[in-house]
Amino acid sequence: MIEFRKVSKVYPGGTVGLNNIDLKIEPGEFVVIVGLSGAGKSTLLRSINRLHEITSGEIFISGKSITSAEGRQLRVMRRGIGMIFQSFNLVKRSTVLRNVLAGRVGYRSTFRTLLGLFPKHDMDLAFGALKRVNMLEKAYQRADQLSGGQQQRVSIARALAQEATIILADEPVASLDPLTTRQVMDDLQRINREMGITTVVNLHYIDLAREYATRIIGVRAGEIVFDGTAAEATDDV
Ligand code: ADP
Ligand code: ADP
């Protein structure tokens, strides 16, 4: 599903983000990437959907190189990958529904959508996604009126509405309290199990990783230093 072949990322200035990574993630896995701040978790995750360019090597999504993809092909590949951020990245003044519809590429600024007229298919996907994360009753509320946990559930719904088969979550619970953290992780796990969506999550905490991951990858100084099951992961991976 996701394959790294000898992937390196060097930032301008010479900092090594990733050092010659080989990695294969199979469909339906729930992978948690753990490591200290600065280890390269975020660099790894952002390489997958080409949020930034890698320096060398190649990354494949379902057998196709995203590294060499261009134009329409790249857009289609990216649409299949939903991204969730620590800071939610919602349009604050827009409604929940519009934020979720933003996952449907190309509908943001036509005359019809300015009037709030979205194709039925998109509306069905958006409402279906909101239902899955238990946010249907908030559809017409403004995003900035929601709690952090609710905003994160909306960003999960946005990924679902774009019919992503992969979800990448970069420290999705870092700004949430313990209870809300659990709710968001539960949502990600449920969606992974029910829909088979391949999920890759960056986390600070090994305890949380052990609880949710089917596989844990430990990263240090841009290299993979651990790759195994939750049961095999010790405190210092
Ligand atoms: P993590 O997500 O594990 O905290 P990052 O992937 O953000 O780690 O960072 C890995 C390394 O790359 C760190 O040394 C960090 O300082 C560096 N780095 C990250 N982003 C940039 C950037 N935009 N420019 C230069 N160095 C960066
Ligand atoms: P969650 O179920 O995500 O944990 P909370 O318990 O944090 O939600 O929030 C409870 C209620 O308070 C929610 O209905 C939410 O809409 C509201 N709320 C939380 N934070 C804010 C905020 N900053 N502005 C407006 N309403 C908020």
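Residues numbered from 1 in each chain as written. Chains lettered and ligands numbered in written order. Predicted model: local features only at pLDDT ≥ 70, side-chain atom pairs only at ≥ 80, totals over all residues. Heavy atoms only, no water.

J.: Now, about the site of ligand 1: what can you tell me, with residues and values included?
T.: Close to ligand 1 lie Tyr11, Thr15, Leu36, Ser37, Gly38, Ala39, Gly40, Lys41, Ser42 and Thr43. Interatomic distance of 3.1 Å between a backbone N/O atom of Ala39 and an oxygen atom of ligand 1. Within the backbone of Ser42, an N or O atom sits 2.8 Å from an oxygen atom of ligand 1. Across the complex, the protein chains shield 60% of the 560 Å² of accessible surface that ligand 1 would expose by itself. Its residues assigned to classes, the shell around ligand 1 comprises three nonpolar, six polar and one charged. (Near = heavy atom within 4 Å. Polar contact = N/O pair within 3.5 Å; in protein donor to acceptor, adjacent residues only side chain to side chain. Areas by Shrake-Rupley, 256 points an atom, 1.4 Å probe, with all protein chains shown as cover. Nonpolar A, V, L, I, M, F, W, Y, C, P; charged D, E, K, R; others polar.)

J.: How would you explain the environment of Lys6 if you had to name every residue and give the values?
T.: With respect to the secondary-structure elements, Lys6 resides in strand E1 (residues 2-10). Spatially, the C-alpha atom of Lys6 lies 6.9 Å from that of Glu58, the residues being 52 residues apart in sequence. Residues in contact with Lys6, not counting those within four places in the same chain, are Asn20, Ile21, Asp22, Ser56 and Gly57. (Helix = DSSP H or I, 4+ residues; strand = E, 2+ residues; numbered from the N terminus. Contact = heavy atoms within 4.5 Å.)

J.: Could you give an account of the sheet that holds E1, with specific residues and numbers?
T.: One open sheet holds the four strands; their spatial order is E2-E1-E4-E5, and the pairing between them is antiparallel. Of all the strands in the sheet, the pair left with one neighbour each is strand E2 (16-25) and strand E5 (64-65). Judged from the five bridges that link them, E1 and strand E4 (residues 56-61) form a sheet pairing that is antiparallel. Bridge pairing in E4 places Arg5 opposite Glu58. (Pairing = 2+ DSSP bridges.)

J.: Go over the site of ligand 2 with me, naming the residues and quoting the values.
T.: Around ligand 2, a shell composed of Lys138, Gln145, Ser147, Gly149, Gln150, Thr180 and Gln183 is seen. Interatomic distance of 3.5 Å between a side-chain N/O atom of Lys138 and an oxygen atom of ligand 2. Contacts to ligand 2 include Gln150, whose side-chain N or O atom sits 3.1 Å from an oxygen atom. When isolated, ligand 2 has an accessible area of 550 Å², and the protein chains bury 45% of it. Mapped onto the shell around ligand 2, the elements with two or more residues apiece are helix H6 (148-161) and helix H7 (178-195). The residue makeup of the shell around ligand 2, split by class, is no nonpolar, six polar and one charged.

J.: With reference to specific residues and values, describe unusual backbone geometry.
T.: Non-glycine residue Phe88 carries a positive phi angle of around 70°. In this structure, Phe88 sits in the loop between strand E6 (81-85) and helix H3 (96-101). At Glu163, a residue that is not glycine, the phi angle is positive and equals roughly 55°. Take Glu163: it is sitting in the loop between H6 and strand E7 (166-170).

J.: How would you sum up empty space enclosed by the protein? Please name residues and give values.
T.: All chains considered together, the criterion is met by one cavity of 30 Å³ or more. Each pocket or cavity is described by its volume, and for the largest cavity that value is around 40 Å³. Lining the largest cavity are Ser47, Arg50, His52, Glu53, Ile54, Ile59, Ile66 and Thr67. For the lining of the largest cavity, the class distribution of residues is three nonpolar, three polar and two charged. (1 Å grid on protein atoms, 1.4 Å probe; cavity = no way out; pocket = protein on both sides within 12 Å on 5 of 7 lines; lining within 4 Å. Points joined across faces, edges and corners; volume = space filled by probe spheres on them.)

J.: Could you give an account of helix H1 (residues 41-48), with specific residues and numbers?
T.: With six of its eight residues buried, H1 lies for the most part within the structure. One or two positions beyond H1, positive phi appears at Arg50, with a value near 60°. (Buried < 20%, exposed > 50% of the residue type's maximum accessible area, 1.4 Å probe, protein only.)

J.: Which residues make up the packing of helix H5 (residues 120-132) against H6, and what values go with them?
T.: In the contact formed by H5 and H6, the axes pass within 8 Å of each other and the chain directions differ by 140°. Between H5 and H6, the angle falls in the class oblique. Seen from above, H5 lies across H6 with right-handed handedness. Here Leu125, Ala126, Ala129, Leu130 and Arg132 of H5 come into contact with H6, specifically with Ala157, Leu160 and Ala161. A per-class count over the contact of H5 with H6 returns seven nonpolar, no polar and one charged. (Axes fitted to C-alpha atoms, helices over the stretch in contact; angles between N-to-C directions. Parallel < 35°, antiparallel > 145°, perpendicular 65-115°, else oblique. Left-handed = near helix turned anticlockwise from the far one by under 90°.)

J.: Which residues make up the packing of H6 against H7, and what values do they have?
T.: Put simply, H6 and H7 touch, their axes get as near as 9 Å, and they point 20° apart. It follows that H6 is roughly parallel to H7 by the angle criterion. When the axes of H6 and H7 are compared, the crossing they make is right-handed. Residues Gly149, Gln152, Arg153, Ile156 and Leu160 of H6 pack against Thr180, Gln183, Val184, Asp187, Leu188, Ile191 and Met195 of H7. Taken together, the residues that form the contact of H6 with H7 break down as six nonpolar, four polar and two charged.

All quantities given are derived from atomic positions and should not be read as evidence of function.
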